[in-house]
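# Structural features, examined
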Amino acid sequence: MTKGALALLIHGGTDNWSPDRWKARFAEVCRDRPVVLMPATGFDPAEVTYAAVWKPAPGELAAFANLKVIFNLGAGVDALMADPTLPDVPLVRVAVDDLTNRMMEYVVLHVLMHHRQELYLRASQEAKRWAPKYQWPASALSVGIMGLGTLGMRAAEMLRGIGFRVVGWSRSARQVEGVECFAGSGELEAFLRRTDILVCLLPLTPDTRGILNRELFAKLHRSSPLGAPVLINAGRGALQNEADILACLDDGTLGAASLDVFVQEPLPLSSPFWSHPKVVLTPHNAADTDPDEISKYVARQIAQLEAGGALENVVDRGRGY
Ligand code: NDP
Ligand code: OXD
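Notes on the structure follow. Computed from a predicted model, the values in this text were never measured in an experiment. (Residues numbered from 1 in each chain as written. Chains lettered and ligands numbered in written order. Predicted model: local features only at pLDDT ≥ 70, side-chain atom pairs only at ≥ 80, totals over all residues. Heavy atoms only, no water.)

A cis geometry characterises the amide bond from M38 onward to P39, with omega recorded as 0°. Topologically, P39 is positioned in the loop between strand 2 (35-37) and strand 3 (48-54). Of note, K128 is a non-glycine position whose phi angle comes to about 50°, a positive value. Considering the arrangement of structural elements, one finds K128 in the loop between helix 4 (118-126) and strand 6 (142-146). For K128, a relative accessible area of 79% translates into the label exposed. (Helix = DSSP H or I, 4+ residues; strand = E, 2+ residues; numbered from the N terminus. Buried < 20%, exposed > 50% of the residue type's maximum accessible area, 1.4 Å probe, protein only.)

Written out as structure tokens, the structure is:
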């Protein structure tokens, strides 16, 4: 008996979202079932039991009447949650070491970049200026991680290993060795007061949209060797109020920012972020989703489910992540 088809719906645009590459990978790891790259003709949508997706168009998934599971090919499910016609079947997100470690690399790179005064040093080199400044140790700074989930936990562990003081904030209370943990809106201010470098790894939900704003930046710790607190956002662009970030960089409420995500992506050419001297900008590539790793992860979960096991990393739709 032919197994139910897996439909691939990928609207990404960048290199690692090449639909043909994903199709080739899935055809290899799901040899026992048809893999259909959408849009396609000449097949019956009722034969689709699994969908593997990245930013499908709203309504696209509703065409599959016998869908059993949706596999989001990234960690963040905000684009899917915005689709009011999203079929009411389990929605699985990515949580794999490959992606987690890529994000850890990004966070460590950017925390170290600000800690080691790289913006100042590159500007000095540009100006051929030999002007060393005192370099404090990592233990002089406290890194605050918003979102102590799969990605935040790994980053926290690594930063602690380097010697930074690490504090974390999540929705529910957590206990992490060596990390001072805060939870919920009631403890947000206490968390911010202890934070010199703020790393945002939150999912985008109705509760977190716009959370990175002036009111929040004003509560960050202000008397570290950095002079002013630093923001690093690799969560989602809509977590941040971009006008507030620019104004806070300009008036010194923030000392610098590393931004991987933006309200509008690709970032419009007219954005002041492109040339802002206090901004280190990357094009939403903090942690790429690797087709080899993720297709294997999806195929493993399907095999597990069909053998009577449970799905892993199922999104709680009530929470939105
Ligand atoms: P997880 O679901 O594992 O973790 C989310 C964390 O955020 C949890 O600790 C959760 O709290 C916390 N959280 C959620 N809502 C709130 C809230 N209202 N108040 C306080 N804390 C909250 O997600 P991941 O770590 O896997 O991924 C995080 C995000 O990173 C993704 O959603 C995505 O947007 C982004 N991302 C960006 C990438 C990039 O390349 N820039 C790549 C991959 C992901 P609790 O522990 O209590 O549940
Ligand atoms: C993700 C992303 O959510 O790539 O995985 O942003």
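We are not done yet, so read on.
The next thing to look at is the packing of helix 1 (residues 19-29) against helix 9 (residues 291-306). Between helix 1 and helix 9, the least distance of the axes is 9 Å, while the angle of their chain directions is 40°. Judged on the interaxial angle alone, helix 9 and helix 1 are oblique. Every pair of crossing elements has a handedness; the one defined by helix 1 and helix 9 is right-handed. Between helix 1 and helix 9, the residues in contact are R21, W22, R25, F26 and V29 and P291, D292, I294, S295, K296, V298 and A299, respectively. Taken together, the residues that form the contact of helix 1 with helix 9 break down as seven nonpolar, one polar and four charged. (Axes fitted to C-alpha atoms, helices over the stretch in contact; angles between N-to-C directions. Parallel < 35°, antiparallel > 145°, perpendicular 65-115°, else oblique. Left-handed = near helix turned anticlockwise from the far one by under 90°. Contact = heavy atoms within 4.5 Å. Nonpolar A, V, L, I, M, F, W, Y, C, P; charged D, E, K, R; others polar.)

With that settled, consider the site of ligand 1. Around ligand 1 lies a shell of 29 residues, among which R93, S172, R174, D260 and Y321 are the nearest. The separation between an oxygen atom of ligand 1 and a polar side-chain atom of R93 is 2.9 Å. With respect to ligand 1, the side chain of R174 contributes an N or O atom lying 2.8 Å from an oxygen atom. In isolation ligand 1 exposes 940 Å². Once the protein is present, 94% of that is buried. Residue composition of the shell around ligand 1, by class: 14 nonpolar, nine polar and six charged. (Near = heavy atom within 4 Å. Polar contact = N/O pair within 3.5 Å; in protein donor to acceptor, adjacent residues only side chain to side chain. Areas by Shrake-Rupley, 256 points an atom, 1.4 Å probe, with all protein chains shown as cover.)

L6, F26 and L73 are the most contacted members of the largest nonpolar core, which has 51 residues in total. With seven residues, helix 3 (residues 97-115) is the largest single contributor of residues to this core. Among all residues touching L73, those that are not within four sequence positions of it are L8, I10, W17, W22, F26, A52, V53, W54, V94, T289, I294 and V298. Counting 30 residues, the second largest nonpolar core, distinct from the first, contains W169, L202, L259 and F273. (Core = buried A, V, L, I, M, F, W, Y, C linked by side-chain atoms within 4.5 Å.)

A separate point is helix 5 (residues 150-162). Between its terminal C-alpha atoms helix 5 stretches 19 Å, which fits the 18 Å expected from 13 residues at 1.5 Å a residue. For helix 5, the set of buried residues is L151, G152, A155, A156 and L159. Buried residues of helix 5, seen end-on, are gathered within an arc of 125° and therefore sit on one face of the element. Residue G163 follows helix 5 closely and has a positive phi angle near 120°. (Expected span 1.5 Å × (residues − 1). Arc of directions from axis to C-beta.)

The next thing to look at is the site of ligand 2. Residues in contact with ligand 2, as listed here, are W54, G74, A75, G76, R236, H284 and T289. Here ligand 2, which alone exposes 210 Å², has 88% of that area covered by the protein. Of the residues in the shell around ligand 2, the class split is two nonpolar, four polar and one charged.

On to the sheet that holds strand 10 (residues 230-233). Across the sheet, which stays open at both edges, the seven strands sit in the order 8-7-6-9-10-11-12 with parallel pairing between neighbours. A single partner strand is all that each edge strand has here, and the edge strands are strand 8 (179-183) and strand 12 (279-281). Going across the sheet, the axis of each strand differs from the next one's by a mean of 15°, ignoring polarity. Here strand 6 pairs with strand 9 (residues 197-200) via four bridges, running parallel. The partner of I145 across the bridge, within strand 9, is V199. (Pairing = 2+ DSSP bridges.)

On the basis of which strands lie adjacent, the open sheet formed by five strands has the order 2-1-3-4-5 and parallel pairing. Each edge of the sheet is formed by a strand with only one pairing partner; in this case those strands are strand 2 and strand 5 (91-92). Pairing analysis gives six bridges linking strand 1 (residues 5-10) to strand 3, with the strands arranged parallel. Residue A5 lies in a different strand from strand 3, and its bridge partner there is V48. Relative to strand 4 (residues 69-72), helix 9 is tilted by about 155°, and along the sheet it contacts strand 1, strand 3, strand 4 and strand 5.

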